[in-house]
Amino acid sequence: MLQVQELGGAWELRVDPDGPLPEQARTLIDVPVPALVPGCVHTDLMNDGRLEDPFLDDNETAVAWVGRTDWRYGRDVAWSGPVPERIDLVFEGLDTVAAVELDGTALGVTRNMHRGYRYDVTELLDGTPRPLSVHFTSAYTEAERVRDLLGPRPNAYPEPFNFIRKMACSFGWDWGPTLVTAGIWRPVRLEGWSTARLATVRPLATYDGTGRLDVTVGVERTRDRDLRARVLLDEREIAVLDLPGGATAAQAALDAGEVTPWHPRGYGEPALYDLTVELLDGDHVLDRWQRRTGFRTVEIDRTGGGFVFRVNAEPTFVKGVNWIPDDIFPTRMTRERYELRLREAADAGVNLIRVWGGGIYEDRAFYEVCDELGLMVWQDFLFACACYPEEEPLASEVAAEARENVLRLSPHPSLITWNGNNENLWLREPCGWPGQPGGDLSWGEKYYLETLPAIVAELDPSRPYQAGSPWSGSWDHLPNDPGHGTFHSWDVWNREDYGNYRDSAPRFVAEFGWQAPPAWTTLRDAVSDEPLLPDSPGVLHHQKAEDGNGKLARGLAPHFGEPSDTEAWHYLTQLNQVRAIRTGVEHWRSHWPHTGGTILWQLNDLWPVTSWAAIDGAGRYKPLYFALRELYAERALTIQPGDGGPVVAILNDHADEWTGTLLVERQDTGGGVRASVTGRVSVAARSVALVPVPAAVAEAGDPAGELLVARLGDARALWFAAEDRDFGYDDPGLTVDVETVPGGLDVRVQAVGLARDVLLQPDRIHPRAVADKGFVTLLAGESTVYHVRAPIELDPALVKAPWVLTELSSVLRRTP
């Protein structure tokens, strides 16, 4: 059996004195720093007290020297135990430009963070410890070298991320810091083996009423013996593949028999099976590969310019979120953290995660959790917002990286589509890249339209490929044509009011978003400004979007006016984020199946920042997170403006018909019913019904004092004809009762009159406190209970502290 000796854990880190030496690096020459592998230079220096936390204030700028310095990681290694015929040194990931040396012998040079590396060290290792050294050249040095070699290329940010195969957002983004890392970022080990080992296993599991398994096995040999590969499904042998002497691969299309198919969340059970491949020499097991997989079939229906995923032949409405790396230092991610964040997504009603192209191919644990939760995965190849050279030394790295990751991720049923890039096909013309330096050179089109689709067609024909996001399907239409393929809706956030989301019904909305600051405690922990203001230096440093605060202010103005103070700004910008996303999602959902889905930008953050995220960089929920639960619920109501007046859209993304009595009322703020209408409705499974509101109910006698309320079962929708700044909000007469319960507090809020957008901010009670809901609108006489939980005892009196519990009318009364 293949033997494994892990080399993670304690290493030693040193500055390389032969590389660039920023002033701060000079103080570390000849200073050994304890290092942890997997890890990176930044975290090792922080753990040793030699680097300030770059998340605080403007420390990001102060630590920039780390990314401009060359570094060396080292430790001694030896082989223990029986001596095999072959010993390999295996790195699952090196970030990024690394020279590997064992006992003075150069093993190789790497230039790609997204690949693994294997070196034959049989002749270099025995039981005596030998020095292993990994020298990392600054990613800036390499990227600038390649830029000088191939010529400049335009991109969306002033950093050379498009000249090196590395996590692009480590060079900064409009929501992230510039922290250019280096290190042994994934596991490293020694593998000892004899006769042969499993080099690759590619299982493509599909479903057509029975399970189908197309399995390809690749082997590496030291001997030309006749071998066999045994394939087991849930420990049941389903095939034995022959590998005669000298053969390095075997392939077979297998009938897996009666299986339960894997379904996405909300459409059935995400059934998984244990898949094992054993490499046999006679009856002796040489190597074993094990994963869990699932059987399903995926296609994209592009009929008439549309874009609807069909999983197991069933049209599937996508309720998605975009995923960025959950930490700017990916080595800090654990399976537990992946599971936490992905379960949070699932609990919010999400059924698809798009892994964005400026990040990484995530760890195996990420995809395994998605498999288990029924979360579909849209995987970008790693290109974003730039022109990418198509020449060497990058072209061969791109192909090798793509092949490795297509093979690595092939077992995962959650992975339903490969996407060539993020925004590169679209931005070229709108951003004027052809007229910029290097704009007339190669720019990546060949990758997206030739290289990558050919690799997917060869290695993974079970999943559809799309050339980019957005992409209309061909150059016959503009890449971001809302009438064809995928669409990114950014003009609204950048230039318009969020009501303009209703101006179009794209075929599929793959990106859209609206900013808000993080939770109050997250902001205060990261920024020490006194006084803390929306435009104080630290707050602006943690706002990376171009004119981000200006866009926030312009977004507030037509609805609320100018906030009175920082606390009001914080409350109103978080509310405006919810209002904006609600406007878009409800409008687009009402156009199913014309609109095949929405993917919110974005689920998560990788540091504390004002951004589009629903979960902030400290893992705290913004109110948007709770709003997603309503917006992505299987059954929901919304009132939409129509040509002839308001209509109630009944959204039924459920396997069963939705029947009941629809009630629509026009109420005043005291709960008085001015007009109403009822009617029986029956909405088919996985469909939308539109019910016009009669004019006698819809037309408000007093738009500043009346609202529409629609109810069907437990679902409810509200419609206000007047903007908040013009609406006649009265004091809602809130009463608040707080009960101490095991694990925290139950806070009951009762309203005499209309209380719009009540918000309890649990982190203002205690940094570790959480609540179970965000903004809640109470009609006259209604109540709600906030369940606030924390790992320590909470003081109930703090619920009455300023800004812990807030509602909109009190904030507007403070606004000039």
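See the structure shown above.
Draft legend 1. How the structure looks around the overall build of the protein. Regarding its fold elements, the protein presents 17 helices and 43 strands. Computed over C-alpha atoms, the radius of gyration of the protein comes to 28 Å, within 12% of the 28 Å expected from 2.2 N^0.38 for 816 residues, which places it in the range of a compact globule. Its C-alpha atoms put the protein at 90 × 65 × 60 Å along the principal axes. Accessible area for the protein stands at about 29600 Å²; split by element, carbon and sulfur atoms hold 48% of it. Taking the 77 positively charged and 121 negatively charged side chains of the protein as two groups, their mean positions are separated by 2 Å.

Draft legend 2. Just helix 15 (residues 623-631), in detail. Of all nine residues making up helix 15, seven are buried, and the element is well covered by its neighbours. Residues Pro 623, Leu 624, Tyr 625, Phe 626, Ala 627, Leu 628 and Leu 631 constitute the buried set of helix 15. Buried residues along helix 15 sit against strand 23 (318-323), helix 5 (335-347), helix 14 (566-589), strand 30 (597-600) and strand 40 (755-760).

Draft legend 3. Examining the sheet that holds strand 18 (residues 273-281) more closely. Spatial strand order, 16-15-18-19: four strands in an open sheet with antiparallel pairing. Both edges of this open sheet fall to strand 16 (236-243) and strand 19 (284-293), since each of them pairs with a single strand only. Adjacent strand axes in the sheet meet at a mean angle of 20 degrees, parallel and antiparallel pairs treated alike. With seven bridges joining them, strand 15 (residues 227-233) and strand 16 adopt antiparallel strand pairing.

Draft legend 4. Structural context of the sheet that holds strand 21 (residues 308-311). Pairing in this open sheet of three strands is antiparallel, and the strands run 20-21-22 from one edge to the other. The sheet is open, and its two borders are formed by strand 20 (298-301) and strand 22 (314-316), each paired with just one other strand. Neighbour to neighbour, the strand axes of the sheet diverge by 35 degrees on average, direction disregarded. Of the pairings in the sheet, the one linking strand 20 to strand 21 comprises four bridges and is antiparallel in character.

Draft legend 5. Fine view of helix 13 (residues 548-560). Taking 1.5 Å per residue, 13 residues should reach 18 Å; helix 13 reaches 18 Å between its end C-alpha atoms and fits that length. Taken as a whole, helix 13 has its buried residues at Gly 548, Asn 549, Gly 550, Lys 551, Leu 552, Gly 555, Leu 556, His 559 and Phe 560. Next to the buried residues of helix 13 lie helix 10 (491-495), helix 12 (537-541), helix 14 and helix 17 (808-814). Immediately downstream of helix 13, the backbone of Gly 561 shows phi near 80 degrees, a positive value.

Draft legend 6. Inspection of the pattern of salt bridges at higher detail. What the rule picks out here adds up to 66 salt bridges. Residues Glu 368 and Arg 335 are paired through a salt bridge, measuring 2.7 Å at the closest nitrogen-oxygen approach. With Glu 368 in helix 6 (residues 364-373) and Arg 335 in helix 5, this pair connects stretches of sequence that are 33 residues apart. Residue Glu 368 is classed as buried on the basis of its relative accessible area, which comes to 19%. For Arg 674, the salt bridge identified is with Asp 668, shortest N-O distance 3.3 Å. A relative accessible area of 48% places Arg 674 in the partly exposed class. Connected via shared salt-bridge partners are Arg 86, Asp 88, Glu 92, Arg 118, Asp 120, Arg 189, Glu 191, Arg 197 and Glu 220.

Draft legend 7. Looking closely at the side chain of Asn 351. Relative to the helices and strands, Asn 351 resides in the loop between helix 5 and strand 24 (352-355). Within the local environment of Asn 351, its side chain forms a polar contact with the backbone oxygen of Phe 317, the two atoms lying 2.9 Å apart. Every residue in contact with Asn 351, bar those within four places of it in the chain, is listed here: Arg 265, Tyr 267, Thr 316, Phe 317, Val 318, Lys 319, Gly 320, Gly 374, Leu 375 and Met 376.

Conventions adopted
- Residues numbered from 1 in each chain as written.
- Predicted model: local features only at pLDDT ≥ 70, side-chain atom pairs only at ≥ 80, totals over all residues.
- Heavy atoms only, no water.
- Helix = DSSP H or I, 4+ residues; strand = E, 2+ residues; numbered from the N terminus.
- Rg over C-alpha atoms; globule rule 2.2 N^0.38 Å.
- Areas by Shrake-Rupley, 256 points an atom, 1.4 Å probe, with all protein chains shown as cover.
- Lys, Arg positive; Asp, Glu negative; His and termini not counted.
- Charge placed at Lys NZ, Arg CZ, Asp CG, Glu CD.
- Buried < 20%, exposed > 50% of the residue type's maximum accessible area, 1.4 Å probe, protein only.
- Contact = heavy atoms within 4.5 Å.
- Pairing = 2+ DSSP bridges.
- Axes fitted to C-alpha atoms, helices over the stretch in contact; angles between N-to-C directions.
- Expected span 1.5 Å × (residues − 1).
- Salt bridge = Lys/Arg side-chain N within 4 Å of Asp/Glu carboxyl O.
- Polar contact = N/O pair within 3.5 Å; in protein donor to acceptor, adjacent residues only side chain to side chain.

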